[in-house]
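Analysis of the macromolecular model
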Amino acid sequence: MTKAPAFLYDCDTGIDDAMTLLYLASLVHAGEARLVGVGTVHGNVHPLTGALNTLRVLEAAGIKAGEDGPGGPGGLDEQGVPVAVGADRPMAQDVHYAVDWHGTDGLGNTHLPEPAGRPVAEAAAAQIVRLARAMPGELTLLATGPLTNLGAALLLDAELPSLVREVVVMGGAFDHPGNITTHAEANVWHDPEAADLVFAADWPVVLVPLDATHPSAVHDGWLDRLAAHDTPVARFAARVLEFYIDAYTPTLRRRGAVIHDALAAMLAVDPDLGEYAHRPVRVELRGELTRGTTVWDARSLPAEDTRRPVKVATGCDVPAFQERLLASLQSFPA
């Protein structure tokens with residue numbers, strides 16, 4: 001029997017990360033994925049806050065998580081999914097948080113109760129290395145926050161790129177404006193040095209930038225269908241999304257939200273939903289106005305480059321993404 005694909009999720013658990021955790025949890029319950037660990041990083045919130053949020057979301061989804069013993073689907077050997085706290089600052093700049101988009105607690109100022117589980121003692125970068133060595137060739141690293149943990153893991157173990165099946169990153173912007181500066185997308189901008197390390201490493205990288213995520217925004221009809229689904233998980237998702245919708249509506253100029261991270265997860269599961277270009281990617285590290293910008297050579301005759309090409313999502317099947325995400329949030333029992 002073929003094993004379900006194994007995911008190690010690296011995130012900065014704010015609102016769209018929470019929706020992504022629920023999507024992954026639905027796959028775990030269906031036997032279509034294994035969630036073998038989660039690591040958190042600075043970004044939307046402090047990584048300890050993100051880890052506690054991760055535990056809250058997984059517990060709401062009926063998945064055992066944290067350090068306190070066996071049980072629940074999805075972890076290695078049926079243990080609870082380990083949630084590790086990662087880097088609390090970037091490699092070479094000050095730390096910044098996104099409270100305007102995710103609230104001071106990262107979950108839309110819902111201020112939920114403490115989770116039952118606790119984060120594990122192992123650091124997130126060390127967890128990446130340990131699990132990659134325990135599961136050579138099996139592990140998909142899904143990263144939807146700043147890439148500091150992945151960059152640190154590369155520095156910890158030079159053989160890491162040969163051990164990982166694939167790296168799927170939500171980040172960057174190419175033919176789309178940035179969302180934190182004119183040119184830079186937030187996850188890359190929060191740690192440009194780490195992002196460049198990840199894009200330079202010799203492993204398969206799929207990059208899902210704003211070019212692909214922004215057109216997938218959900219609006220009134222989708223949000224109303226979620227709100228009408230009266231189950232605990234759907235109510236949880238709708239409640240957490242309220243703050244995000246209020247934050248996004250001025251940008252979108254209508255009621256809605258962009259659930260960026262879930263698209264990266266879905267393309268990791270079903271790549272055929274996306275459209276792609278294959279080009280080496282670099283990160284601008286020095287520009288006064290462009291630091292954190294992702295750069296590719298889009299000329300018809302690009303210059304030779306020693307870097308391995310990155311598979312960059314340029315678009316997706318938006319209706320399929322939206323329907324699958326909604327179905328996953330509605331799949332949990334009443």
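All of these numbers come straight from a predicted model, not from anything done at the bench. (Residues numbered from 1 in each chain as written. Predicted model: local features only at pLDDT ≥ 70, side-chain atom pairs only at ≥ 80, totals over all residues. Heavy atoms only, no water.)

Observations concerning a nonpolar patch on the surface
Together, Met91, Leu155 and Leu197 line one region of the surface with nonpolar side chains, adding up to about 260 Å² of accessible area. Structurally, leucine 197 is set in helix H8 (residues 192-200). (Patch = residues over 30% accessible without salt bridge, like charges linked within 9 Å, V, L, I, M, F, W, Y side chains within 5 Å. Areas by Shrake-Rupley, 256 points an atom, 1.4 Å probe, with all protein chains shown as cover. Salt bridge = Lys/Arg side-chain N within 4 Å of Asp/Glu carboxyl O. Helix = DSSP H or I, 4+ residues; strand = E, 2+ residues; numbered from the N terminus.)

Observations regarding the nonpolar core
Membership of the largest hydrophobic core comes to 72 residues, with the highest contact counts inside it found for Trp222 and Leu241. Examining the composition of this core, we find that 11 residues originate from one element, helix H11 (residues 232-252), more than from any other. Ala6, Leu150, Val198 and Val312 belong to the second largest nonpolar core, which has 37 residues in total. (Core = buried A, V, L, I, M, F, W, Y, C linked by side-chain atoms within 4.5 Å. Buried < 20%, exposed > 50% of the residue type's maximum accessible area, 1.4 Å probe, protein only.)

Some details on the sheet that holds strand E5 (residues 166-170)
Here eight strands make up an open sheet; going across it, the order is E3-E2-E1-E4-E5-E6-E12-E9 and the pairing mixed. One side of each edge strand has no neighbouring strand; the edge strands of this open sheet are strand E3 (83-85) and strand E9 (274-279). Each strand of the sheet is rotated relative to its neighbour by a mean of 20°, with strand direction disregarded. Sheet topology note: the strand E1 (residues 6-11)/strand E2 (residues 34-40) ladder contains six bridges and is parallel. Of the residues in E2, the one forming a bridge with alanine 6 is arginine 34. Of the strands in this sheet, E1, strand E4 (139-143), E5, strand E6 (205-208), E9 and strand E12 (310-316) touch helix H12 (residues 260-269), which is tilted by about 155° from E5. (Pairing = 2+ DSSP bridges. Axes fitted to C-alpha atoms, helices over the stretch in contact; angles between N-to-C directions. Contact = heavy atoms within 4.5 Å.)

Here we look at the environment of glycine 292
Structurally, glycine 292 is set in the loop between strand E10 (282-283) and strand E11 (294-295). Sequence-wise, glycine 292 and alanine 186 are 106 residues apart; in three dimensions their C-alpha atoms are separated by 8.3 Å. With residues near it in sequence (within four places) discarded, glycine 292 still touches Ala184, Glu185, Val188, Trp189, Pro192, Val283 and Glu284.

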